[in-house]
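Spelled out, the chains give:
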Amino acid sequence: MSATPARPPLSDARLLHDLEEVVARELDRHLRVFKEWMPHEYVPWSRGRDFAGPLGGEAWSVEQSPLTEVGRVSLVVNLLTEDNLPSYHHEIATLFGRDGAWGTWVHQWTAEEARHSIVLRDYLVASRAVDPAELERARMTHMSSGFVSDNRHSPLHTVAYVAFQELATRISHRNTGRESGDPVCDRMLAQVANDENLHMVFYRNLLKAALELAPDQAMEAVKEVVTGFRMPGHGMPGFERAAARIALGGVYNLRVHHDDVLQPVLRHLRIMDLGGLGPDGLRAQQELGAHLAELAAQAGRFDERRAAILARRAARADG
Ligand SMILES: [Fe+2]
Ligand SMILES: [Fe+2]
């Protein structure tokens, strides 16, 4: 495709101003389709009992819960990620502002996200799925270091990032439920994943409007976000090891990231077919295409490695 002449870039203030009516429209749509749900209804309280400590109850031990190992590891990563909400709120409130439709959305989103850490922690503690003292110390460490967004320099990059990130979170919760070994956990995470899906739709529709408003800038933002993507939990204690287990367990890995997170958003927005781009937008689109091809090849190599490891494990278990 040949480039159309370069356009002068829009300032962040102008972009935020021009996108506000889209935010207002999407906020209305979100509030119409969002169904209230009660976190306490998803927690198996009947499995709960006092812990060792001031109440003199039973100490925690791992066999008290039916959860699989990958389910436990993944739930902790997902919960610690949700726990850092104060930092996320700070980042988006600073960038998007707290006035008008942007502000209403920032607060609504924050309130909805808080429900996720509530239900996840209540589940983990009531069902004795993980060591509650270790969990609490990990929360302190993780929250004390806070979270600084890779995309705090730009509202467009932030919108692009959260469109992918909300879908990544949805898929991660859903797959965690599937691999958890506990139908109660699966049902709870399906409900959380439902919220994440609505968040993804909000940001994806906003990104669509940004691509129409400032195609070259938005294309560059998408390219940079996709090529530099990392999960918000990357700074938490033990993340690398947990991520490796989660990848091997099929909850979240390169294959999932490419097939179930990047591609659905990119295809929905027709990113690779978008015409009418100036020289910068066109270059970004081509670089994005090259990156996706490389990622698909890496995902193929990952699949082979994973299959080999799982086969070795199965052979060991048989022998
Ligand atoms: Fe969430
Ligand atoms: Fe979300």
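Residues numbered from 1 in each chain as written. Chains lettered and ligands numbered in written order. Predicted model: local features only at pLDDT ≥ 70, side-chain atom pairs only at ≥ 80, totals over all residues. Heavy atoms only, no water.

In this section: the nonpolar core. Ranked by internal contacts, the top residues of the largest apolar core, which has 88 residues, are Leu75, Phe96, Phe164, Met188, Tyr203, Leu206 and Val222. Here this core gets 13 residues from one element, more than from any other, and that element is helix 7 (residues 183-213). Excluding residues that lie within four positions of it along the chain, phenylalanine 164 makes contacts with Val222, Val225, Val226, Phe229, Val261, Leu262, Val265 and Leu266. (Core = buried A, V, L, I, M, F, W, Y, C linked by side-chain atoms within 4.5 Å. Buried < 20%, exposed > 50% of the residue type's maximum accessible area, 1.4 Å probe, protein only. Helix = DSSP H or I, 4+ residues; strand = E, 2+ residues; numbered from the N terminus. Contact = heavy atoms within 4.5 Å.)

The subject of this paragraph is the coordination of the iron ion (ligand 1). Each protein donor to the iron ion (ligand 1) is listed here as Glu82 (OE), Glu82 (OE), Glu113 (OE), His116 (ND1) and Glu196 (OE); together their distances run 2.0 to 2.5 Å. For the iron ion (ligand 1), the donor residues sit on a single chain with the sequence spacing E-x30-E-x2-H-x79-E. Between the iron ion (ligand 1) and the iron ion (ligand 2) the interatomic distance comes to 3.8 Å, and glutamate 113 is a ligand of both metals. Residue glutamate 82 is found in helix 2 (residues 69-83), and its partner glutamate 113 is found in helix 4 (residues 100-126); the two are separated by 31 residues along the sequence. Grouping residues by exposure puts glutamate 82 and glutamate 113 together as buried. (Donors = N, O, S within 2.8 Å, 3.2 Å for Na, K, Ca; no water.)

Listed as protein donors to the iron ion (ligand 2) are Glu113 (OE), Glu166 (OE), Glu196 (OE) and His199 (ND1); their distances from the metal cover 1.8 to 2.3 Å. Considering all four donor atoms around the iron ion (ligand 2), the spread of angles at the metal, 93 to 138 degrees, places the coordination shape in the irregular class. Summarised as a motif, the one-chain spacing of the donors to the iron ion (ligand 2) is E-x52-E-x29-E-x2-H. (Tetrahedral: all angles 85-135°; square planar, octahedral: opposite > 155°, others 65-115°.)

Bringing the side chain of asparagine 78 into the picture now. The residue asparagine 78 is located in helix 2 in this model. For asparagine 78, the side chain forms a polar contact with the side chain of serine 172, separated by 3.2 Å. Setting aside anything within four residues of it in sequence, one finds asparagine 78 in contact with Leu120, Ser172, His173 and Thr176. (Polar contact = N/O pair within 3.5 Å; in protein donor to acceptor, adjacent residues only side chain to side chain.)

Here we come to the pattern of salt bridges. Throughout the structure, instances matching the rule amount to 18 salt bridges. Notably, a salt bridge pairs aspartate 259 with arginine 255, separated by 3.2 Å at the nearest N-O pair. Here the residue aspartate 259 and the residue arginine 255 both occupy positions in helix 10 (residues 254-268), the gap between them amounting to four residues, near one helical turn. Judged by its relative accessible area of 31%, aspartate 259 is partly exposed. The class of arginine 255 is partly exposed, set by a relative accessible area of 24%. Aspartate 303 is the salt-bridge partner of arginine 255, the closest N and O atoms lying 2.7 Å from each other. With arginine 255 in helix 10 and aspartate 303 in helix 11 (residues 279-318), the pair connects residues that are 48 residues apart, well separated along the chain. (Salt bridge = Lys/Arg side-chain N within 4 Å of Asp/Glu carboxyl O.)

The backbone of arginine 128 sits at a positive phi, close to 55 degrees, despite the residue not being glycine. In this structure, arginine 128 sits in the loop between helix 4 and helix 5 (132-145). A relative accessible area of 1% places arginine 128 in the buried class. Positive phi values are uncommon outside glycine, yet arginine 270 reaches one of about 50 degrees. Its place among the elements puts arginine 270 in the loop between helix 10 and helix 11. Note on arginine 270: relative accessible area 56%, which makes it exposed.

Before going further, it helps to examine the environment of isoleucine 271. Locating isoleucine 271 in the fold gives a position in the loop between helix 10 and helix 11. In this structure isoleucine 271 comes out as buried when scored by relative accessible area, which is 0%. Along the backbone, isoleucine 271 and leucine 211 are 60 residues apart, and their C-alpha atoms lie at a distance of 8.9 Å. In this view, isoleucine 271 contacts Leu211, Met219, Val222, Leu266, Gln285 and Leu288; residues no more than four positions away in its chain are not counted.

The values reported here are purely geometric and, on their own, carry no functional implication.
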